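Tertiary structure, described
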Amino acid sequence: MTYNDPQLLQTLQVVIETLGTFAFAISGIRHAAAKKFDWFGGYVCGFAVAIGGGTIRDVMLGVSPFWTTDIRYLFFTTLALALAIISRKLLKKLDNAWFVFDTLGLAFFTIAGLQKTLSLGHPFWLAIVMGCITGVAGGIIRDILLNNVPVIFHKEIYAIASVAGGLLYWGMWYLDINITITAIATFLLICIIRFVAVYYHVTLPALHDEL
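This one's a predicted model, so the numbers in the text were calculated from it and none came from an experiment. (Residues numbered from 1 in each chain as written. Predicted model: local features only at pLDDT ≥ 70, side-chain atom pairs only at ≥ 80, totals over all residues. Heavy atoms only, no water.)

1. Some remarks on the overall build of the protein chain
Looking only at helices and strands, one finds 8 helices and 0 strands in the protein chain. Ordered by position in the sequence, the α and β elements of the protein chain form the string α-α-α-α-α-α-α-α. Relative to the globule expectation of 17 Å for 211 residues, the C-alpha radius of gyration of the protein chain, 17 Å, shows essentially globular dimensions. Summarising its shape, the C-alpha atoms of the protein chain cover approximately 50 × 50 × 30 Å along the three principal directions. (Helix = DSSP H or I, 4+ residues; strand = E, 2+ residues; numbered from the N terminus. Rg over C-alpha atoms; globule rule 2.2 N^0.38 Å.)

In structure tokens:
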């Protein structure tokens, strides 16, 4: 597939990274609130989650980190903090709110990583790797800041959902399906895998110390 409309791809990339930034920032701030962080600590945690994966991806690809060229990502993290403070009682009642936002962030940033890597002319296998890194690295940084075991290292299906989304994107790309439809389908698949896996307690086998 060739991207016949570079402007459409650029617009889609910005929209997806913006939504991913907001979703991951909410997730990070909600986790920080559970640890009784102050407002600044919550902002730092939310921002680190929101830009962590994309920053690692861009550095590895040899380009300027996406948030350093556009102030809107700082703005949306601030907006996420304000929303979390204003809606703290509602978020407290919604105990699974962090999981929903974390899943949305994973899906958005996986797609952003795929598209950016491909737009730079890299092969698809690398795009899938970078999509996964973009999606999961922010969560790893969040959990390290909060002194938790990163979700990716649990039995819970997390990175596998990102990889599955990347493979679907690859298949639809190969079939020359519209880029917007491809992005929507990839987003839905990642979310469905995460939601179904958690709801039905689908996990990967655990390693045992006798191995």
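2. Re the environment of I144
Its location among the elements puts I144 in helix α6 (residues 124–145). Judged by its relative accessible area of 57%, I144 is exposed. Spatially, the C-alpha atoms of I144 and H122 are 30 Å apart, while their sequence positions differ by 22 residues. (Buried < 20%, exposed > 50% of the residue type's maximum accessible area, 1.4 Å probe, protein only.)

3. Thoughts on the UniProt feature "transmembrane region" (unreviewed entry) in the protein chain
The feature "transmembrane region" (unreviewed entry), as annotated in UniProt, sits at residues 12–33, 40–59, 71–91, 98–118, 124–145, 157–175 and 181–202 in this numbering. For residues 98–118, the helix share is 100%, the strand share is 0%, and the end-to-end C-alpha distance is 30 Å. Across residues 124–145, helical content stands at 100% and strand content at 0%; the span's end C-alpha atoms are separated by 32 Å. (UniProt positions renumbered as here; feature names shortened; annotations may be inferred.)

4. Re the UniProt feature "domain: Glycine transporter" (unreviewed entry) in the protein chain
When the UniProt feature table is mapped onto this chain, "domain: Glycine transporter" (unreviewed entry) is found at residues 15–86 and 100–173. Secondary structure within residues 15–86 divides into 81% helix and 0% strand; the distance between the first and last C-alpha atoms comes to 24 Å.

5. Considerations on the environment of L188
Examined against the element boundaries, L188 turns out to sit in helix α8 (residues 179–199). Expressed as a C-alpha distance, the spacing of L188 and A112, which sit 76 residues apart in the sequence, is 14 Å.

6. Considerations on the nonpolar core
Ranked by size, the top nonpolar core spans 43 residues in total, and within it F124 and Y169 carry the most contacts. The set of elements that each furnish at least two residues to this core consists of α1 (6–34), α2 (39–61), α3 (72–86), α5 (97–119), α6, α7 (159–174) and α8. Looking at which element gives the most residues to this core, the answer is α5, with 8 residues. (Core = buried A, V, L, I, M, F, W, Y, C linked by side-chain atoms within 4.5 Å.)

7. Overview of α7
Under the 1.5 Å per step criterion, the end-to-end length of α7 is 23 Å for 16 residues, consistent within 8% with the ideal 22 Å. Those residues of α7 lying buried are A159, A161, S162, G165, G166, Y169 and M172. Projected down its long axis, α7 carries its buried residues within an arc of 155°, all on one side. (Expected span 1.5 Å × (residues − 1). Arc of directions from axis to C-beta.)

8. Regarding the packing of α2 against α3
Running from N to C, α2 and α3 point in directions that differ by 130°, and their axes come no closer than 10 Å. Classed by the angle they form, the pair α2 and α3 counts as oblique. In this structure, α2 crosses over α3, and the sense of that crossing is right-handed. Mapping the contact onto sequence places W39, Y43, G46, F47 and A50 in α2 and L74, T77, T78, L81 and I85 in α3. (Axes fitted to C-alpha atoms, helices over the stretch in contact; angles between N-to-C directions. Parallel < 35°, antiparallel > 145°, perpendicular 65-115°, else oblique. Left-handed = near helix turned anticlockwise from the far one by under 90°. Contact = heavy atoms within 4.5 Å.)

9. A look at the side chain of T186
Along the chain, T186 falls in helix α8. Accessibility expressed as a relative area gives 0% for T186, which makes it buried. The residues touching T186, leaving out its near neighbours within four places in the chain, are I111, G165, L168 and Y169.

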